[in-house]
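The residues making up each chain are set out below.
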Amino acid sequence: MLPPDVEGWLTEAQARRLRAAAENVPEGGAMVEIGSYQGRSTIVLAGATNVIAIDPHAGNDRGPGQWDTSAREGQGDHEHFVANLERAGVRERVRHVRLPSQEALAELPGPFDAVYVDGAHRYSPALADIRAYGARVRPGGTLLIHDSFSSVGVTLAIVRQLMPSGQWTYVGRDGSLTEYRRAPAPRAKNALRQLAQLPWFARNLAIKVALTLRVRPVARALGSEEWPY
Ligand SMILES: C[S@@+](CC[C@H](N)C(=O)[O-])C[C@H]1O[C@@H](n2cnc3c(N)ncnc32)[C@H](O)[C@@H]1O
């Protein structure tokens, strides 16, 4: 399911969840992706539906620990992105909006059938994306978020915006890819299902600290020597 030779952090199980969400987008519907990088998730989505892919490819918030790289690296991502879409044969199914997500909003018609959030992972942009794009998801539509219960910024944004809401039903997750349905849910039960993910979040933070400090035996004891996604 994952496109070969396309850099990124999406796992095979996550690709299957994304693909299933894209398959549920009706003919002529709208699927939005925030944060495309070099096209790994974009290609998965575009295998099933047309995609509006939003990424400024400016070199900021590229990936783990890469908050502020150069514009040259952003341009490199853009060139890989276009070449990878072409190689996968999905270039025509993707409309790329080369703007930061909050600026792109004004250019996009809504409502959306599904939105995949994987752009800037710091608290304030992650919260802004979940809020503003979530508000454009049609009733019954889908919101998917990468690095949930793994990135601190994304997790705090979820706790702030989605956990207490009675309007977003938590569907489940594959690793750090969570899925929400825009549908009313019993508040307490819905919040409890999400609170139950916090021990996994704590484990991920501990693994990240251990890997950053290069104490691999500790990471191994916690269950993984790989950066958690
Ligand atoms: C973790 S990567 C996305 C990975 C991609 N979904 C994949 O499967 O390979 C994050 C991306 O978000 C983009 N980004 C950073 N700030 C953004 C913003 N304000 N709006 C949209 N995208 C942004 C970066 O340029 C980067 O390509």
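### Notes on the side chain of Ser151
Turning to step 1, where the next piece is worked out: By the element assignment, Ser151 lies in the loop between strand E5 (137-145) and helix H6 (152-161).
Turning to step 2, where the next piece is worked out: Judged by relative accessible area, which is 10%, Ser151 ranks as buried.
Turning to step 3, where the next piece is worked out: A distance of 3.2 Å separates a polar side-chain atom of Ser151 from the backbone nitrogen of Val154.
Turning to step 4, where the next piece is worked out: When near neighbours in sequence (up to four residues on either side) are disregarded, Ser151 contacts His121, Phe201 and Lys208.

### Examining the sheet that holds strand E6 (residues 168-174)
Turning to step 1, where the next piece is worked out: With respect to topology, 7 strands assemble into an open sheet ordered E3-E2-E1-E4-E5-E7-E6, the strand pairing being mixed. Whereas interior strands pair on both sides, the edge strands pair on one side only; in this sheet they are strand E3 (94-97) and E6. The average angle at which neighbouring strand axes cross in this sheet is 20°, direction not considered.
Turning to step 2, where the next piece is worked out: Helix H1 (residues 12-23) contacts strand E1 (31-34), strand E4 (112-117), E5, E6 and strand E7 (177-182) of the sheet and is inclined by roughly 140° relative to E6.

### Quick word on the packing of helix H5 (residues 123-134) against H6
Turning to step 1, where the next piece is worked out: At their nearest, the axes of H5 and H6 sit 8 Å apart, and the two run at 45° to each other. In terms of orientation, H5 and H6 fall into the oblique class. Where H5 crosses over H6, the two elements pack in a sense that is right-handed. Contacts from Tyr123, Ala126, Leu127, Ile130 and Arg131 in H5 reach Gly153, Val154, Leu156, Ala157, Ile158, Arg160 and Gln161 in H6.
Turning to step 2, where the next piece is worked out: For the contact of H5 with H6, the per-class residue count stands at 8 nonpolar, 2 polar and 2 charged.

### Observations concerning H5
Turning to step 1, where the next piece is worked out: For H5, built from 12 residues, the straight-helix expectation of 16 Å at 1.5 Å per residue is met to within 8% by its first-to-last C-alpha distance of 16 Å.
Turning to step 2, where the next piece is worked out: All buried positions along H5 are accounted for by Ala126, Leu127, Asp129, Ile130, Tyr133 and Gly134. The arc enclosing the buried residues of H5, seen along the axis, measures out at 165°, which places them on a common side.

### Comments concerning the site of the ligand
Turning to step 1, where the next piece is worked out: By nearness alone, 20 residues border the ligand, and Gly35, Ser41, Asp55, Ser101 and Asp118 come closest of all.
Turning to step 2, where the next piece is worked out: Between the ligand and Gly35 there is a distance of 2.9 Å, counted from a nitrogen atom to a backbone nitrogen or oxygen.
Turning to step 3, where the next piece is worked out: A distance of 3.2 Å separates a nitrogen atom of the ligand from a polar side-chain atom of Asn60.
Turning to step 4, where the next piece is worked out: Contact with the protein chains removes 95% of the 600 Å² of surface that the ligand exposes when unbound.
Turning to step 5, where the next piece is worked out: For the shell around the ligand, the residue count by class is 7 nonpolar, 7 polar and 6 charged.

### Remarks on the pairing of E5
Turning to step 1, where the next piece is worked out: Taken together, the 5 bridges between E4 and E5 define a ladder with parallel strand orientation. Paired with Ala114 across the two strands is Thr142, which belongs to E5.
Turning to step 2, where the next piece is worked out: Regarding topology, H5 serves as the crossover connection from E4 to the parallel E5, and that connection is right-handed.
Turning to step 3, where the next piece is worked out: Pairing geometry for E5 and E7, over 4 bridges, is antiparallel.

### Let's talk about the domain arrangement of the protein
Frequently, the measure chosen for interface size is the accessible area that the parts lose on association.
Turning to step 1, where the next piece is worked out: Each domain of the protein was delimited in the assignment, giving domain 1 (12-195) and domain 2 (197-229).
Turning to step 2, where the next piece is worked out: Taking only C-alpha atoms into account, the centre of domain 1 sits 24 Å from that of domain 2.
Turning to step 3, where the next piece is worked out: Listed by partner, the interface residues are 17 residues for domain 1 and 11 residues for domain 2.
Turning to step 4, where the next piece is worked out: Around 1100 Å² of area is buried between domain 1 and domain 2 when both sides are counted, 57% of it from carbon and sulfur atoms.
Turning to step 5, where the next piece is worked out: Remark: the boundary between domain 1 and domain 2 carries 0 salt bridges.
Turning to step 6, where the next piece is worked out: Summed over the shared surface of domain 1 and domain 2, the number is 10 residue pairs in polar contact (both at pLDDT 80 or more).
Turning to step 7, where the next piece is worked out: Those elements that place two or more of their residues in the side of domain 1 that touches domain 2 are H6, E6 and helix H7 (187-195).
Turning to step 8, where the next piece is worked out: Among the elements that line the side of domain 1 that touches domain 2, the one with the most residues is H7, at 3 residues.
Turning to step 9, where the next piece is worked out: Across the side of domain 1 that touches domain 2, the residue classes tally to 5 nonpolar, 9 polar and 3 charged.

The rules behind these values
- All chains use their own residue numbering, which begins from 1 and follows the written sequence.
- Selection of residues for local features in this predicted model requires a pLDDT of at least 70, selection of side-chain atom pairs for listing and counting requires 80 or more, and totals for whole chains, interfaces and linings are taken over all residues.
- To obtain the side-chain values, all non-hydrogen atoms of the structure were used and water was disregarded.
- Comment: elements are numbered from the N terminus, with helices defined as DSSP H or I runs of at least four residues and strands as E runs of at least two.
- Remark: exposure states derive from per-residue accessible area (1.4 Å probe, protein chains only) relative to the maximum for the residue type, with buried under 20%, exposed over 50%, and partly exposed in between.
- In protein, a polar contact requires one atom able to donate a hydrogen and another able to accept it; more generally it is a pair of N or O atoms within 3.5 Å, and residues adjacent in sequence count only if both atoms are side-chain atoms.
- By the convention used here, residues are in contact when the closest approach between their heavy atoms is within 4.5 Å.
- In this scheme, strands are said to pair when DSSP sees at least two bridges between them.
- Angles here are taken between N-to-C directions and fall from 0 to 180 degrees, while the axes themselves are lines fitted to C-alpha atoms, restricted in helices to the stretch in contact.
- The labels follow the angle: roughly parallel below 35 degrees, roughly antiparallel above 145, roughly perpendicular from 65 to 115, and oblique for the rest.
- By convention, the crossing between two helices is left-handed when the near helix turns anticlockwise from the far helix through less than a right angle, and right-handed when the turn is clockwise.
- For this classification, the nonpolar set comprises Ala, Val, Leu, Ile, Met, Phe, Trp, Tyr, Cys and Pro, the charged set comprises Asp, Glu, Lys and Arg, and every other residue, Gly included, is treated as polar.
- Helix span, as expected, comes to 1.5 Å for every residue beyond the first.
- By construction, the arc corresponds to the directions joining the helix axis to the C-beta atoms.
- Nearness is judged by heavy atoms alone; a residue qualifies as near a molecule or strand once a single heavy atom is within 4 Å of it.
- Per-residue and other accessible areas were derived by the Shrake-Rupley procedure at a 1.4 Å probe size, with only the shown protein chains allowed to occlude residues.
- Looking down the strands as they point away from you, a crossover is right-handed if its path from the first strand over the helix to the second goes clockwise.
- Residue ranges assigned to the domains are those given by an automatic or database domain assignment.
- In short, buried area is how much 1.4 Å probe accessible area vanishes from two parts on joining, totalled over both.
- Here, a salt bridge means any side-chain nitrogen of Lys or Arg that lies within 4 Å of a carboxyl oxygen of Asp or Glu.

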